[in-house]
Amino acid sequence: MTMDAALVLKGEGNDSFKAKDFSSALQKYKDGLNNLLEIETDKEIASSLSKVRAEGKEEEKKLAGVLLTNGAAAALQLNQASSCIEMCNFALSLDNTVSLL
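Residues numbered from 1 in each chain as written. Predicted model: local features only at pLDDT ≥ 70, side-chain atom pairs only at ≥ 80, totals over all residues. Heavy atoms only, no water.

The subject of this paragraph is the overall build of the protein. Looking only at helices and strands, the protein features 5 helices and 0 strands. Counting from the amino terminus, the protein carries its helices and strands in the arrangement α-α-α-α-α. Its C-alpha radius of gyration of 12 Å places the protein within 12% of the 13 Å reference for a compact globule of 101 residues. Dimensions of the protein, computed from the C-alpha atoms along their principal axes, are close to 35 × 25 × 25 Å. For the protein, the proportion of its 101 residues judged to be buried stands at 39%. Put simply, of all contacts in the protein between residues at least 6 apart along the chain, 61% involve residues at least 24 apart. Total accessible area on the protein is roughly 5600 Å²; 49% of this is exposed by carbon and sulfur atoms. Taken together, the 11 basic and 15 acidic charged side chains of the protein have centroids lying 4 Å from each other. (Helix = DSSP H or I, 4+ residues; strand = E, 2+ residues; numbered from the N terminus. Rg over C-alpha atoms; globule rule 2.2 N^0.38 Å. Buried < 20%, exposed > 50% of the residue type's maximum accessible area, 1.4 Å probe, protein only. Contact = heavy atoms within 4.5 Å. Areas by Shrake-Rupley, 256 points an atom, 1.4 Å probe, with all protein chains shown as cover. Lys, Arg positive; Asp, Glu negative; His and termini not counted. Charge placed at Lys NZ, Arg CZ, Asp CG, Glu CD.)

Written as structure tokens, this is what we have:
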């Protein structure tokens, strides 16, 4: 998993979110998550998160949770309720103590 690239994308997503460019922010957070999990499409997220959870690598688990919750916040700003809920559920699947939004 490539933490460095995911951290860069998280930062870019944060910058976009602050600039109220929620569409760009959401894409950056998704790209960061896909990069961290080393996957090509969003359809692979569930199985990849299972690996992160099972391996117990706290840094990767925490970053995945942040990317998911930040992405959920961006999706909410775009009125994409189903994407927001899905991302929150994925974050909760990692750790049910993760702070949402």
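Counted according to the given criterion, the structure contains 2 salt bridges. Here K28 ties to E12 by a salt bridge, and the two come within 3.1 Å at their closest N and O atoms. Residue K28 is found in helix α2 (residues 22–37), and its partner E12 is found in helix α1 (residues 3–18); the two are separated by 16 residues along the sequence. The residue K61 makes a salt bridge to E58 at a minimum N-O spacing of 3.7 Å. Here E58 and K61 lie together in helix α4 (residues 58–77), a separation of 3 residues that amounts to about one turn. (Salt bridge = Lys/Arg side-chain N within 4 Å of Asp/Glu carboxyl O.)

This part is about the packing of helix α3 (residues 45–55) against helix α5 (residues 81–94). Direction vectors running N to C along α3 and α5 enclose 25°, while the axes themselves pass 9 Å from each other. In terms of orientation, α3 lies roughly parallel with respect to α5. For the element pair α3 and α5, the recorded crossing hand is right-handed. Between α3 and α5, the residues in contact are I45, A46, L49, V52 and R53 and F90, S93 and L94, respectively. For the contact of α3 with α5, the residue count by class is 6 nonpolar, 1 polar and 1 charged. (Axes fitted to C-alpha atoms, helices over the stretch in contact; angles between N-to-C directions. Parallel < 35°, antiparallel > 145°, perpendicular 65-115°, else oblique. Left-handed = near helix turned anticlockwise from the far one by under 90°. Nonpolar A, V, L, I, M, F, W, Y, C, P; charged D, E, K, R; others polar.)

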